[in-house]
Amino acid sequence: MRRALLLLLLAGCSKAPPGPGAAPSSNPPLPSAAGAAPSAAVSPRATDRFPTAHGELSVVPLEHASILFQWHGESIYVDPTASAVSDPALPRADVVFVTDIHPDHLDPAGLERVRKSTTRVVGPQAVADKTHVDVVMSGGDTRQIADVVATAVPMYNLKRGPAAGQVYHDKGRGDGYELAFDALHVYVSGDTECTPEMKALEKIDVAFVCMNLPYTMPPDEAAECVAAFKPSVLFPYHYRGSDLGVLDAKLAGTGVEIRKRDWYPAKP
């Protein structure tokens, strides 16, 4: 009897946890940051936390297009600029995703501030032509980067540009990203208009969608895209000078929860 019990205990302990891409049977509701217990490993600037099979995903809005995700002991940045990561308390990066070559997305000084010897930088070929990139991705590519499964989503302008026949962001130059933290799917749009690829996204839990002129799209067009793929939670970002109140009216009744955070903190 004692031997049988010991064997049962050993069998239970030998089971490995599910891998980063493994999906639990269902996702719990997505809570807000209010009342969430802080973690010593998470930046005190985190505003929102989302449950996954491997612990909470913490969201740290930094500035404009710069985001820090902390999950499973890893710090994952999107478009870190020097201004956005000037706080010395911010952690070094395990992974950095760069969306485009414009300076509010690709900033060598920002990359240097968060880089460590093991940091993996991910970006499109246009970014790799300007700085060191460890993993080059283009629209539609899916790769496992550390513990995150990343898919590059095309980001580009349909009509807006500096002159007739030109656009600010050519198709194929930059990447948005869909990031799978276990079964929690997060979409970061990068600089884009309301493209067919964005409208066709499926099963997105959390979306960060840009909305400012002249380089991307206004809030009403962003709302059109968001209403098409219906993320559970929307974070407007990259919105400098835009009227976010438009989102409330346009997305009323869609079931999308809008979380407005301060991406433009006052500088000391």
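Residues numbered from 1 in each chain as written. Predicted model: local features only at pLDDT ≥ 70, side-chain atom pairs only at ≥ 80, totals over all residues. Heavy atoms only, no water.

A.B. asks: Can you tell me about the pairing of strand β12 (residues 206-210), naming the residues and giving the values?
C.D. replies: Of all the five residues making up β12, five are buried; the element is thus mostly covered by neighbouring parts of the structure. Alternating residues of β12 divide into Val206, Phe208 and Cys210 and Ala207 and Val209, and every residue in both groups is buried. By the bridge criterion, five bridges tie β12 to strand β13 (residues 233-237) in an arrangement that is parallel. Residue pairing for β13: Ala207 is matched across the bridge by Leu234. (Buried < 20%, exposed > 50% of the residue type's maximum accessible area, 1.4 Å probe, protein only. Helix = DSSP H or I, 4+ residues; strand = E, 2+ residues; numbered from the N terminus. Pairing = 2+ DSSP bridges.)

A.B. asks: Requested: an account of the sheet that holds strand β3 (residues 66-71), with residues and values cited.
C.D. replies: Note: strands within a sheet are paired through backbone hydrogen bonds, in either parallel or antiparallel orientation. Here seven strands make up an open sheet; going across it, the order is β1-β2-β3-β4-β5-β6-β7 and the pairing mixed. Looking along the sheet, the strands with just one partner apiece sit at the ends: β1 (48-50) and β7 (135-136). As judged from the three bridges shared by strand β5 (residues 95-97) and strand β6 (residues 120-123), these two strands associate in the parallel manner. Each bridged residue has a counterpart across the sheet, and for Val95 the counterpart in β6 is Arg120.

A.B. asks: Please set out the packing of aromatic side chains residue by residue, giving values where relevant.
C.D. replies: Under the counting rule described, the total for this entry stands at twelve aromatic pairs. The interplanar angle of 85° and the centroid separation of 6.3 Å between the aromatic rings of Phe50 and Phe235 together place this pair among those described as edge-to-face. With Phe50 in strand β1 and Phe235 in strand β13, this residue pair connects regions lying 185 residues apart in the sequence. Both residues of the pair, Phe50 and Phe235, belong to the buried class. (Phe/Tyr/Trp six-rings, centres within 6.5 Å; stacked < 30°, edge-to-face > 60°.)

A.B. asks: Before we move on, can you summarise the environment of Val148 with the specific residues and values?
C.D. replies: Note on placement: Val148 falls in strand β9 (residues 148-155). For Val148, a relative accessible area of 1% corresponds to the buried category. Residues Val148 and Val95 lie 53 residues apart in sequence; the distance between their C-alpha atoms is 9.3 Å.

A.B. asks: Break down the state of the cysteines for me, with residues and values.
C.D. replies: If you walk through the whole model with that rule in mind, you get one disulfide. Each sulfur of the disulfide joining Cys194 and Cys225 lies 2.1 Å from the other. With the S-S dihedral at roughly 100°, the linkage between Cys194 and Cys225 falls on the right-handed side. Pair noted here: Cys194 is in the loop between β11 (184-188) and α4 (196-199) and Cys225 is in helix α5 (residues 219-229), with a separation of 31 residues, a long-range link. Cys210 forms no disulfide, and the closest cysteine sulfur to it belongs to Cys225, at a distance of 9.4 Å. Taking the relative accessible area as the measure of exposure, Cys210 reaches 0% and is therefore buried. (Disulfide = S-S within 2.5 Å.)

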